[in-house]
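Read off the chains here:
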Amino acid sequence: MITSNTQVRVLGASGTAMALVTVAGWQAGGWRVGVGAMIGILAGFALYHASFGFTAAWRRFLRERRGAGLRAQFVLIVTTVAIAYPLMHYGRDFGIPVNGFVFPIGVALVVGAFMFGIGMQIANGCASGTLFTVGGGSSRMVVTLAAFVAGSVIATAHIPFWNSLPKEKGFSLIAQFGPFGAFAVTAGLLALIALVSIRLEKRKHGALEETGRAGSFLTGPWSLVLGAVAIAVVSIATLVVLGRPWGITSGFALWGAKIAYAMGIDVTGWEYWRGMKAAVTERSVFADATSVMNFGIIAGAMAAAALAGKFRPKRSITAMEAATAIAGGLLMGYGARLSFGCNIGAYLGGIISGSLHGWIWFAFALAGSVAALPLRRLAGMDPARPQHAVTAPSGPVVASVRK
């Protein structure tokens, strides 16, 4: 629903941005990067219309025992792994080589995931959430994104220290149990957590929360399930086109490195960047598939916001909003580099690769979210929780996820 000339102009600008990102990616990095831009655009469109994020969903479950958003994430994961595990195991036989993310398990992973969990709650958004809300016109999340980029590149300076700490080699469920055994283990664990969340929600509220009706495909809002399926399509398409899981935060580190290098800081001497000197100093950022997908997410979300008639950027933010945006962004940027990514690259990317590190990331990022709740209250970010459920003669009032 486009309601003003402003929304029309924003839609036009987003269309131009989508075309430019796609063409620039194709020219600088080849057809795969160009198609990656299109996949990113779909991701931004879906993330915005479904309001599909990880941060608020985790917080609502932790604070209120409302688990619809958490279970939607599990729909995303199980839908993706149903394709990803066989693809990773048999893909080369059919000319579709796909490599998963299977990373070491150690101190850096645990600390980084915990930091990220705190940061995303303080910032009010994870990496994908930051990008799609920036595209939707959030001035505060522009500050978060800048701090995220800064935290990412700062962390790359300290990687030798973190790599020196104790760790064990990665563990792959696919290698251990085969693709179908790995699927059974993953689906079983997700189903168990989902059932626990349902039980806790019913115990606290008497009934599961209604998720609201879906709106138009173009103007939204989308249901959480439609959003989960759309993001699963994005994840699977990324595997097929780029040959590896979807990631976001390595692009932020690259942006930070390029900015630092332009300012006279020779980051190419740092251990993390030694093998990527050309990427920092010579190659266009549009040659980097992760960066191009990130740009696509922003452009796709901007188009979705304009179509919904909701692109109304707030031009001023309070000092507290700026402080929490900066703190959260720095924590997420730093933590993501230590723990191999964010909710997309480490959590989703790890689990759909059959890697144990994805589950450990989930556990410690969730613990970080728990630790962040009192910090949010101190910053005035959360209202006091109601002490008693509101009831009516017919039973408990069931609120809707969507407003």
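For the structure, check the block above.
Bear in mind that the values here come from a model prediction, so they are computed numbers and not experimental data.

Trainee: Give a detailed account of the pattern of salt bridges, specifying residues and quantitative values.
Mentor: Taken as a whole and judged by the stated rule, the model has 7 salt bridges. Put simply, glutamate 201 and arginine 66 hold a salt bridge, and the shortest N to O gap is 3.1 Å. In this pair, glutamate 201 sits in helix H9 (residues 173–205) while arginine 66 sits in the loop between helix H3 (55–64) and helix H4 (68–90), placing the two residues 135 residues apart along the sequence. As far as burial versus exposure is concerned, glutamate 201 and arginine 66 are alike and both buried. The partner of glutamate 201 in a salt bridge is arginine 71, and the shortest N-O contact between them spans 3.0 Å. On the criterion of sequence distance, the pair formed by glutamate 201 in helix H9 and arginine 71 in helix H4 is long-range, its members being 130 residues apart. Given a relative accessible area of 14%, arginine 71 falls into the buried group. Residues joined by salt bridges that share partners form a network here, namely Arg60, Arg63, Glu64, Glu209, Arg376 and Asp382.

Trainee: Now, about the packing of aromatic side chains: what can you tell me, with residues and values included?
Mentor: Per the counting criterion, the structure on display carries 22 aromatic pairs. Between tyrosine 48 and phenylalanine 132, the ring centres sit 6.5 Å apart and the planes meet at 90°, which makes this aromatic pair edge-to-face. One end of the pair, tyrosine 48, is in helix H2 (residues 31–49); the other, phenylalanine 132, is in helix H6 (residues 127–135), with 84 residues separating them in the sequence. Judged by its relative accessible area of 15%, tyrosine 48 is buried. What makes phenylalanine 132 buried here is its relative accessible area of 10%. Ring geometry for phenylalanine 74 and phenylalanine 362: centres 6.5 Å apart, planes at 90°, overall edge-to-face. With phenylalanine 74 in helix H4 and phenylalanine 362 in helix H16 (residues 356–378), the pair connects residues that are 288 residues apart, well separated along the chain.

Reading the values: the criteria
Residues numbered from 1 in each chain as written. Predicted model: local features only at pLDDT ≥ 70, side-chain atom pairs only at ≥ 80, totals over all residues. Heavy atoms only, no water. Salt bridge = Lys/Arg side-chain N within 4 Å of Asp/Glu carboxyl O. Helix = DSSP H or I, 4+ residues; strand = E, 2+ residues; numbered from the N terminus. Buried < 20%, exposed > 50% of the residue type's maximum accessible area, 1.4 Å probe, protein only. Phe/Tyr/Trp six-rings, centres within 6.5 Å; stacked < 30°, edge-to-face > 60°.

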